[in-house]
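Structural overview
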Amino acid sequence: MRTRSAAVLALGLLLAGCTGSGGSDDGRITLRFQSLAWQEESVEANKELVDEWNASHPDVKVEYVQGSWDSVHDQLLTSFEGGEAPDVIHDASDDLADFAYGGHLADLTDLLPQRLKSDIPHRSWETATFGDGIYGVPFLQEPRVLIANATWLKESGVRIPTPERPWDWAEFQQITDQLSGDGRYGVAWPLKDPVSATLNLSLSAGGQLFHRGADGKVTVRFESGDEVVPRMVHDQVGEDRSAPGSLLGSGGSDTLPGFFAGKYAMVPLGFSYRQQVVQQAPKGFDWQVLPAPAGADGLTQGVSPQTLSIAEDSPHKKEAAAFIDFLLRPGNMVRLALGDWMLPTGTRALADPALHTTKDDWATGTALAAHLRPAPAQSVRGYPEWKDKVATPAFQEYYSGAIDLDELRDRLEKEGNLVLARYQR
């Protein structure tokens, strides 16, 4: 889930904008749609689509409500408990489990049209399926890629990877070491949120971390496949000196000034960061998108798509589902994807020529779409607490060299399983 936003909206203002849906005396229905779009192009695309719906559906008005990625979980929890949730909810799939199991989201299984169900691949639907129900429509996703200084790589003579012939993790580490020296680094890892980045990239190496037993309960096991990516990052920072430790607590945007200044050859970022690169790169700066390294399971990586859900308390679920169907028609899904610089989940939208251009390396991203799988923590109850209280501090300490791999494993498993057990009684 992206945690960047143009500004953090105050919780009170958000709640004031989500006072529920209703109908007028003349029978006209009003739906509230809370969007987390934050980039100018994305906000514009969402608002245009709301206007188009309203122009063609006089009996069902949609009100656009601006939300924020930075506060959405707590804001939704408060609005659910207060009976003030918006009808249509924009969120990310890894934030839905507790809301779905808690009865706050409507099961969309019988509300969605077959067109939408068949257009989005099963692997994407898995990200919003909890138990026997579907509690969100996954519609936008982004792979994690390497944004690279094309001039630097070309002059170094290293082999440039492609989706057809990517680097593996060992080759990537060797190349970042080769590119480093004289105060410059082969890679910069912005790991302010180390958990999702580590877990999602670890799928390529066979990592899973969360394992569901026959009784349906989930346990944490940090196995050999889970070690590959964190061990490499740890070694790049602490041994090879091919990655600066000073940026481990930074967000992706924080690395861009140094990247443009030639301090780092590559930065692992979400695909949507290309927009910031286009906007901020100095004139003449030559950059390119490379696939993330491959492991034993190839280019597989985990994603938590953006989703649209319907509040269980909404009195107008059918109308809300019709609005979601409108919003996610293939052409409209392309507009949303272009506005957010991300990839659509829908197969028809993904085939649109606008998403296969070499300009801004759209084609590289779309070539990775088939390799995206549900993030490991997707359906795990208690994941937000495990992430915040156990995994984030443990990974941060490991990457900084404060604890070793055995201590990391011990904390993720022992402390993590205690947290998850409370949600699985």
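Let me sum up the structure you'll find in this document. Since the model is a prediction, treat every value here as computed from it, not as a measurement. (Residues numbered from 1 in each chain as written. Predicted model: local features only at pLDDT ≥ 70, side-chain atom pairs only at ≥ 80, totals over all residues. Heavy atoms only, no water.)

On to the overall build of the protein chain, then. If you tally the helices and strands in the protein chain, you get 18 helices and 17 strands. Whereas a compact globule of 425 residues would reach a radius of gyration of roughly 22 Å, the protein chain reaches 22 Å, a difference of no more than 12%. Counting the 425 residues in the protein chain, one finds 58% classified as buried. In the protein chain, once contacts between residues fewer than 6 apart in sequence are set aside, the share between residues at least 24 apart is 75%. In the protein chain, which carries 38 positive and 59 negative side-chain charges, the distance between the mean positions of the two groups comes to 2 Å. (Helix = DSSP H or I, 4+ residues; strand = E, 2+ residues; numbered from the N terminus. Rg over C-alpha atoms; globule rule 2.2 N^0.38 Å. Buried < 20%, exposed > 50% of the residue type's maximum accessible area, 1.4 Å probe, protein only. Contact = heavy atoms within 4.5 Å. Lys, Arg positive; Asp, Glu negative; His and termini not counted. Charge placed at Lys NZ, Arg CZ, Asp CG, Glu CD.)

As a further point, take the sheet that holds strand β8 (residues 144-149). On the basis of which strands lie adjacent, the open sheet formed by 4 strands has the order β9-β12-β8-β13 and mixed pairing. A strand with exactly one partner marks an edge of an open sheet, and here the two such strands are β9 (185-187) and β13 (287-291). Averaged over all adjacent pairs, the angle separating strand axes in this sheet is 30 degrees, with direction ignored. Strand direction decides the pairing type here: β8 and β13, joined by 5 bridges, are antiparallel. Paired with Val 145 across the two strands is Pro 291, which belongs to β13. (Pairing = 2+ DSSP bridges. Axes fitted to C-alpha atoms, helices over the stretch in contact; angles between N-to-C directions.)

This next bit is on a negative patch on the surface. Together, Asp 107, Asp 110, Asp 132, Glu 312 and Asp 313 line one region of the surface with negative charge. For Glu 312, the position within the fold is in the loop between β15 (306-310) and α13 (317-327). (Patch = residues over 30% accessible without salt bridge, like charges linked within 9 Å, V, L, I, M, F, W, Y side chains within 5 Å. Areas by Shrake-Rupley, 256 points an atom, 1.4 Å probe, with all protein chains shown as cover. Salt bridge = Lys/Arg side-chain N within 4 Å of Asp/Glu carboxyl O.)

One pass over the full model with this rule turns up 17 salt bridges. Between Glu 415 and Arg 411 there is a salt bridge; the shortest N-O distance is 4.0 Å. Placement of the pair is Glu 415 and Arg 411 together in helix α18 (residues 405-422), with a separation of 4 residues, close to one helical turn. What emerges from the salt-bridge pattern is a single network uniting Glu 227, Arg 231, Asp 406 and Arg 409.

All right, on to the pairing of strand β2 (residues 29-35) then. Counted residue by residue, β2 has 7 buried out of 7 residues, so it is predominantly covered. Residues Ile 29, Leu 31, Phe 33 and Ser 35 line one face of β2 and the alternating positions Thr 30, Arg 32 and Gln 34 line the opposite face, and both faces are buried. Where β2 meets strand β3 (residues 60-66), 7 bridges bridge the pair, whose relative direction is parallel. For Ile 29, the partnering residue across the bridge sits in β3 and is Val 60. As for the winding sense of the linkage, the β-α-β connection from β2 through helix α2 (residues 40-56) to β3 is right-handed. Note that β2 and strand β4 (residues 88-92) share 2 bridges and pair parallel. Its bridge partner lying in β4, Phe 33 is registered against Val 88. (Right-handed = clockwise from strand over helix to strand, strands pointing away.)

Turning our attention to the nonpolar core. Grouped together as the largest cluster of nonpolar side chains are 48 residues, with contacts concentrated most on Trp 189, Phe 210, Met 266 and Trp 386. For this core, the element with the most residues is helix α17 (residues 383-400), which contributes 8 residues. (Core = buried A, V, L, I, M, F, W, Y, C linked by side-chain atoms within 4.5 Å.)

The next thing to look at is the environment of Lys 117. With respect to the element layout, Lys 117 can be found in helix α5 (residues 114-119). Between the C-alpha atom of Lys 117 and that of Ala 261, which follows or precedes it by 144 residues, the distance is 46 Å. For Lys 117, the residues in contact, after removing those within four places along its chain, are Thr 109, Leu 112 and Trp 125. Looking at Lys 117, its side chain comes within polar contact range of the main-chain oxygen of Thr 109, at 2.4 Å. (Polar contact = N/O pair within 3.5 Å; in protein donor to acceptor, adjacent residues only side chain to side chain.)

Further remarks concern the pairing of strand β12 (residues 264-270). Counting buried positions along β12 gives 7 out of 7 residues, so the element sits mostly inside the fold. As judged from the 5 bridges shared by β8 and β12, these two strands associate in the antiparallel manner. Residue Arg 144 lies in a different strand from β12, and its bridge partner there is Gly 270.

Moving on: unusual backbone geometry. Backbone geometry places Trp 341, a non-glycine residue, at a positive phi of 60 degrees. Tracing the chain through its elements places Trp 341 in the loop between α14 (330-340) and β16 (343-344). Non-glycine residue Asp 361 carries a positive phi angle of around 55 degrees. Locating Asp 361 in the fold gives a position in the loop between α15 (347-350) and α16 (362-368).

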